Amino acid sequence: MPRSNSVPAPQSVAKIVTRSELQNCEAWRHAFHNKCKDHRYYEIVEETVQGGFDYRYLRLEDGFGKTRAIQPVFFVRQNLIEGVPGKISSIVGRVRKVLPRFLTMRVLMVGCAAGTGDLSACDETDESWVANALQASLSTYARQNKASLVVLKDFPATYRSKLETFPLNGYTRIPSMPMTRLPLPYHNWDDYFRTLSKATRKDLRRKFRKAEQAPKIELEVVSDITALVDEVYPLYLAVHERSPLKFETLTKDYFRTIGQRVPERARFFIWRQLGKIVAFSFCLVCDDKIYDECIGLDYSVALDLHLYFYTLRDILSWALEQGLKYYYSNPLNYEPKLHLDCELVPLDLYVMHTSQLLNPIFRRLIKYLGPTRHDPVLARFPNADQL
């Protein structure tokens, strides 16, 4: 099927555009206007984030020609067993020595390459209309571009009622690796600390003593990391390479640009010991929430000094001083978050094979490949049933 610049549907049309075509588009500036990661963030991601992504935007128009949303999408070749441990991964690894693309597929993804997904309605009351328009056009657009799968990536569970049209039309909803959230109805760190279990308090005191016996660690908070990016970036890579799940790799340009274009939201926490940066964390502050996006650690000292917990204490203390009400953390590393009384923030994947013949089989198979099936800690969270 030849490629087209538009995909018509009964009550809408999706026009495919590039970011350069959106520069003077008023609707693009209204898309995501009520989200923490607004249109500026999507522009930064396209310019700076690595991962083999081919970015596009769907300008969704109604029957009167009015633009009601501009939804970012991208194509990527995805490893279907990313994060699956044990025998399955080992067997597939051997097969890929002969067939390198075994169990990988070209995927049309809806959402953000470096973050959770959102519907991009220019008017928030149009989100259900946007969901219906997307459902009507995505599979056609995917087939036009030889993509085998359509995936709505990491959409918060709060969208489930708006996105119910997808499971009713051939998509399977499976849980993605969730974020976590810690409500902050506390005056300060000590107030929060007293609410933790006795065992957790004892463990944290031991960890903090270790750091306090070492040379002093000092904290600085800035909104622009440009002058320090060469020092902090290797620390980010050190943590990133240890992660069992890797989708995107942030770049130096990403960290530089986010602080320059979104200075009112970007916060970089930098910890130094004897003048050397030993840890950093990049956060976004939006309304009464702080989102901990990524961390970087100097592993020559990080494990010995328990810097993960030391840095978390400083971030929470700072957030409480600012009067923020919620701390959000990105997926993975769930064991300490469980003991720190965090709750899960479910994220969903909506997945469909573009072949009508194969999709019924794929819908059964994909449930066994879901990433949350292989993390035993998740089931121990009090709200795990919400996944």
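Residues numbered from 1 in each chain as written. Predicted model: local features only at pLDDT ≥ 70, side-chain atom pairs only at ≥ 80, totals over all residues. Heavy atoms only, no water.

Trainee: Looking at this model, I keep getting lost on the nonpolar core. Mind explaining?
Mentor: Grouped together as the largest cluster of nonpolar side chains are 61 residues, with contacts concentrated most on Trp28, Val45, Ile225, Tyr254, Phe255, Phe268 and Phe282. If near-sequence neighbours (up to four positions away) are discounted, Trp28 is found in contact with Leu22, His39, Tyr42, Glu43, Tyr57, Ile70 and Pro72. Core analysis: the next-biggest nonpolar cluster, separate from the first, contains 37 residues, Trp189, Leu305, Tyr310 and Ala319 among them. (Core = buried A, V, L, I, M, F, W, Y, C linked by side-chain atoms within 4.5 Å. Buried < 20%, exposed > 50% of the residue type's maximum accessible area, 1.4 Å probe, protein only. Contact = heavy atoms within 4.5 Å.)

Trainee: When you look at the packing of aromatic side chains in this model, what are you seeing that I'm missing?
Mentor: When we look at a pair of aromatic rings, we describe it by the centre distance and by the angle of the planes. Applying the stated rule across the entire model yields 32 aromatic pairs. Consider the rings of Tyr233 and Phe255, whose centres lie 6.3 Å apart with planes at 65°: the pair is edge-to-face. On the criterion of sequence distance, the pair formed by Tyr233 in helix 7 (residues 229-242) and Phe255 in helix 8 (residues 252-261) is long-range, its members being 22 residues apart. For the pair shown, Tyr233 and Phe255 are each scored as buried. An aromatic cluster of three or more residues is present, and its members are Tyr41, Tyr233, Tyr236, Tyr254, Phe255, Phe268, Phe280 and Phe282. Positioned above the aromatic ring of Tyr299, the side-chain terminus of Arg242 is 3.7 Å from the ring centre. Residue placement shows Arg313 over the ring face of Tyr310; its charged tip is 5.0 Å from the ring centre. (Phe/Tyr/Trp six-rings, centres within 6.5 Å; stacked < 30°, edge-to-face > 60°. Helix = DSSP H or I, 4+ residues; strand = E, 2+ residues; numbered from the N terminus. Lys NZ or Arg CZ within 6 Å of the ring centre and 35° of its normal.)

Trainee: Help me understand the state of the cysteines in this model?
Mentor: Here is the idea: a disulfide is a covalent bond, and it sits between the sulfur atoms of two cysteines. Inspection of every chain in the model, using the stated rule, returns 1 disulfide. For Cys25, which is in no disulfide, the shortest distance to another cysteine sulfur is to Cys122 and amounts to 7.5 Å. Cysteine Cys112 is unpaired, with the sulfur of Cys36 as its nearest cysteine sulfur at 11 Å. (Disulfide = S-S within 2.5 Å.)

Trainee: Looking at this structure, I do not really get the environment of Arg143. What am I missing?
Mentor: Tracing the chain through its elements places Arg143 in helix 4 (residues 127-144). On the basis of relative accessible area, Arg143 is assigned to the partly exposed category, the value being 35%. Between the alpha carbons of Arg143 and Leu108 there is a distance of 9.4 Å; along the sequence they are 35 residues apart.

Trainee: Quick question: what am I supposed to make of unusual backbone geometry here?
Mentor: Among all residues except glycine, the phi angle is most often negative; among peptide bonds, the trans geometry is most common. Positive phi, close to 65°, is recorded for Phe32, a residue that is not glycine. With respect to the helices, strands and loops of the structure, Phe32 is situated in the loop between helix 1 (26-30) and helix 2 (39-48). Given a relative accessible area of 0%, Phe32 falls into the buried group. Even without a glycine there, the phi angle at His306 is positive, about 55°. On the secondary structure map, His306 appears in the loop between helix 9 (302-305) and helix 10 (307-321).

All quantities given are derived from atomic positions and should not be read as evidence of function.
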